[in-house]
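One letter stands for each residue in the lines below.
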Amino acid sequence: MRINRSVYFNKILPFVDKPVVKVITGIRRCGKSVMMEQIQDYLVEKGINTECILSLNFESFTDERVQSFESVTSAVKTLVKNSGNKKLYLFFDEIQELDGWEKLINSYMIDFDCDIYITGSNAKLLSGELATYLAGRYIEIKMYPFSFAESFEALKLMNPKISQKEAFDVYVNTGGYPFLYNFDFSESQKKQYLDDIFNSIILKDICDRYKIRDVALLKALITFFISNIANTFSSSSLIKYLKNEKRSLSTETVYNYLEYCKEACLLSLVSRQNIEGKEILSTQEKIFITDHGIRQSLFMKNQKDINQVLENIVYMELLRRGYSVTVGKAKSQEIDFCAKDEKGIRYFQVCYLLATDETVQREFGAYDFVKDNYPKYVLSLDDFDFSQNGIIHKNVIKWLLEA
């Protein structure tokens, strides 16, 4: 079963056959390889001969073509010969596994008539030499695990009668990894799959890449981060936690490890912004995880921590919709998210239920000192509309399903 992830495909489509490298980045197993296959299917349907297409996975241990510059170039030259010197279509999956790959891509852009697509599980894939070599000649498409809308679509294929609320309960506990929606897995099978992803990210994308020897300490650190998603982060609280665990770590190392998690597309650190002065504040950032299913596999309590998980889900949805996101501060009040795009700003408060007058006052009162006229939202799981004073209340499930 393949869900048509048109949001990403439609971002790539305008650049097919254009002289720019298409770079798809995202956390491990979020669907980048399947998107590459979808593009190849599109090319074949458009009439491109398969002899003009080369697809290489640089994580393969058995494909000798991906072992070195020379072996990759040999494969490309063979493609040139077999294709009769027609335009080539090159697909390189997890290319960061080949040291110095930036020079290879740059040379192919110069030496061959080709259209290049690459993927990588590293958020800084474009921060090094490739950005220098290909300034103005690449576009980046950031991919994420399934949104709730995508997971709901997949669940309906297995159970057409499933309700939005039932599907959302599944999503809260499962997360958005596409593979988990291909089969009717048990909870223990889902946990095993997510545990394997988590461990592979730690070992391959962090420890191997950054030569970290104390894997147990790193794992304890990341576990702390994931437990505290949607909470303000302070290195002092983390160091205190590690001390209780009979571990020690400097503040500098804490931030280095957090940066490694960001580069592996596992975590985000969201800055606070003074809404009145617009400046970014340097303290009390919040941490979010790319897929909350990993959190469920580690702690088995997403339902218990539903306020944190809901906030995480909304944050990731804002990223999918193309917003840049900060946490807002207006005098003594905190706004969960200030989401900005080319159209302006939208503000969001997120809570589980507006069950008491105090909760209503807290969530809507967060906007008391926000004097601009940008849209302001409160999102919760309530079905009743609590909108007031120009502040829009929406059911979070309905909001997640909006186009």
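So, here's what we can say about the structure.

Regarding the overall build of the chain
Alright, step 1. Along the chain, the regular secondary structure elements total 15 helices and 12 strands.
Alright, step 2. In terms of overall size, the chain behaves like a compact globule, its C-alpha atoms giving a radius of gyration of 23 Å where 403 residues would be expected to give roughly 22 Å.
Alright, step 3. Overall, the chain is about 75 × 50 × 45 Å in size when its C-alpha atoms are taken along their principal axes.
Alright, step 4. Of all 403 residues assigned to the chain, the portion counted as buried reaches 53%.
Alright, step 5. As presented, the chain carries roughly 18800 Å² of accessible surface, and 49% of it is formed by carbon and sulfur atoms.
Alright, step 6. Seen as two clouds, the 51 positive and the 54 negative side-chain charges of the chain have centres 2 Å apart.

Looking at the layout of surface pockets
Alright, step 1. Computed from the structure, the largest pocket encloses a volume of approximately 460 Å³.
Alright, step 2. The set of elements that each furnish at least two residues to the lining of the largest pocket consists of β5 (138-142), α11 (251-263), β6 (267-274) and α13 (306-320).
Alright, step 3. Its residues assigned to classes, the lining of the largest pocket comprises 11 nonpolar, four polar and six charged.

Notes on the packing of aromatic side chains
Alright, step 1. Within this structure, the stated rule accounts for 26 aromatic pairs.
Alright, step 2. A centroid spacing of 5.7 Å and a plane angle of 85 degrees characterise the contact between phenylalanine 58 and phenylalanine 92, whose relative ring orientation is edge-to-face. In this pair, phenylalanine 58 is assigned in the loop between β2 (53-57) and α3 (69-83) and phenylalanine 92 in strand β3 (residues 88-93), connecting sequence segments 34 residues apart. For the residue pair phenylalanine 58 and phenylalanine 92, the accessibility class agrees, reading buried in each case.
Alright, step 3. Arranged with centres 5.6 Å apart and planes meeting at 50 degrees, the rings of phenylalanine 288 and phenylalanine 337 form a pair that is tilted. On the criterion of sequence distance, the pair formed by phenylalanine 288 in strand β7 (residues 280-289) and phenylalanine 337 in strand β9 (residues 333-341) is long-range, its members being 49 residues apart. For the residue pair phenylalanine 288 and phenylalanine 337, the accessibility class agrees, reading buried in each case.
Alright, step 4. Members of the aromatic cluster, joined through ring pairs, are Tyr177, Phe179, Phe183, Phe185 and Tyr193.
Alright, step 5. If you follow lysine 22 out to its NZ or CZ, it ends over the ring of tyrosine 117, 4.8 Å from the centre.
Alright, step 6. Residue placement shows lysine 156 over the ring face of phenylalanine 152; its charged tip is 4.6 Å from the ring centre.

Some points on the pairing of strand β11 (residues 376-380)
Alright, step 1. By the criterion of burial, β11 is predominantly enclosed, with five of the five residues buried.
Alright, step 2. Burial along β11 is two-sided: the residues Lys376, Val378 and Ser380 and Tyr377 and Leu379 are all buried.
Alright, step 3. Pairing geometry for strand β10 (residues 344-350) and β11, over four bridges, is parallel. Looking across to β11, one finds that phenylalanine 348 is bridged to tyrosine 377.
Alright, step 4. In this fold, β10 hands off to helix α14 (residues 357-365), which returns the chain to β11; that crossover is right-handed.

So, empty space enclosed by the protein
Alright, step 1. Considering all chains together, one arrives at two cavities of 30 Å³ or more under this definition.
Alright, step 2. By volume, the largest cavity is sized at about 50 Å³.
Alright, step 3. Every residue lining the largest cavity is listed: Asn173, Glu187, Lys190, Lys191, Leu194, Gln296, Ser297 and Met300.
Alright, step 4. Of all the secondary structure elements, the ones that give two or more residues to the lining of the largest cavity are α8 (187-210) and α12 (292-299).

Thoughts on α8
Alright, step 1. Under the 1.5 Å per step criterion, the end-to-end length of α8 is 33 Å for 24 residues, consistent within 8% with the ideal 34 Å.
Alright, step 2. Each element contacted by the buried residues of α8 is listed here: α7 (164-174), α9 (215-227), α11 and α12.
Alright, step 3. One or two residues past the end of α8 sits lysine 211, with phi positive at roughly 55 degrees.

Some points on the nonpolar core
Nonpolar side chains in soluble globular proteins tend to end up buried together.
Alright, step 1. Counting residues in hydrophobic clusters, the biggest one holds 97 residues, and the most contacted among them are Phe168 and Phe225.
Alright, step 2. In terms of residue count, α13 provides more of this core than any other element does, nine residues in total.
Alright, step 3. When neighbours within four sequence positions are excluded, phenylalanine 168 is seen to be in contact with Phe148, Leu310, Ile313, Leu381, Ile397 and Leu400.
Alright, step 4. Core analysis: the second largest hydrophobic core is formed by 28 residues, Leu56, Phe58, Ile95 and Trp101 among them.

Notes on the environment of glutamine 361
Alright, step 1. Position of glutamine 361 among the secondary structure elements: in helix α14.
Alright, step 2. Residues glutamine 361 and asparagine 199, spaced 162 residues apart in sequence, show a C-alpha to C-alpha distance of 42 Å.
Alright, step 3. Residues within four places of glutamine 361 in sequence aside, it is in contact with Ala366 and Asp368.

Reading the values: rules and limits
Residues numbered from 1 in each chain as written. Predicted model: local features only at pLDDT ≥ 70, side-chain atom pairs only at ≥ 80, totals over all residues. Heavy atoms only, no water. Helix = DSSP H or I, 4+ residues; strand = E, 2+ residues; numbered from the N terminus. Rg over C-alpha atoms; globule rule 2.2 N^0.38 Å. Buried < 20%, exposed > 50% of the residue type's maximum accessible area, 1.4 Å probe, protein only. Areas by Shrake-Rupley, 256 points an atom, 1.4 Å probe, with all protein chains shown as cover. Lys, Arg positive; Asp, Glu negative; His and termini not counted. Charge placed at Lys NZ, Arg CZ, Asp CG, Glu CD. 1 Å grid on protein atoms, 1.4 Å probe; cavity = no way out; pocket = protein on both sides within 12 Å on 5 of 7 lines; lining within 4 Å. Points joined across faces, edges and corners; volume = space filled by probe spheres on them. Nonpolar A, V, L, I, M, F, W, Y, C, P; charged D, E, K, R; others polar. Phe/Tyr/Trp six-rings, centres within 6.5 Å; stacked < 30°, edge-to-face > 60°. Lys NZ or Arg CZ within 6 Å of the ring centre and 35° of its normal. Pairing = 2+ DSSP bridges. Right-handed = clockwise from strand over helix to strand, strands pointing away. Expected span 1.5 Å × (residues − 1). Contact = heavy atoms within 4.5 Å. Core = buried A, V, L, I, M, F, W, Y, C linked by side-chain atoms within 4.5 Å.

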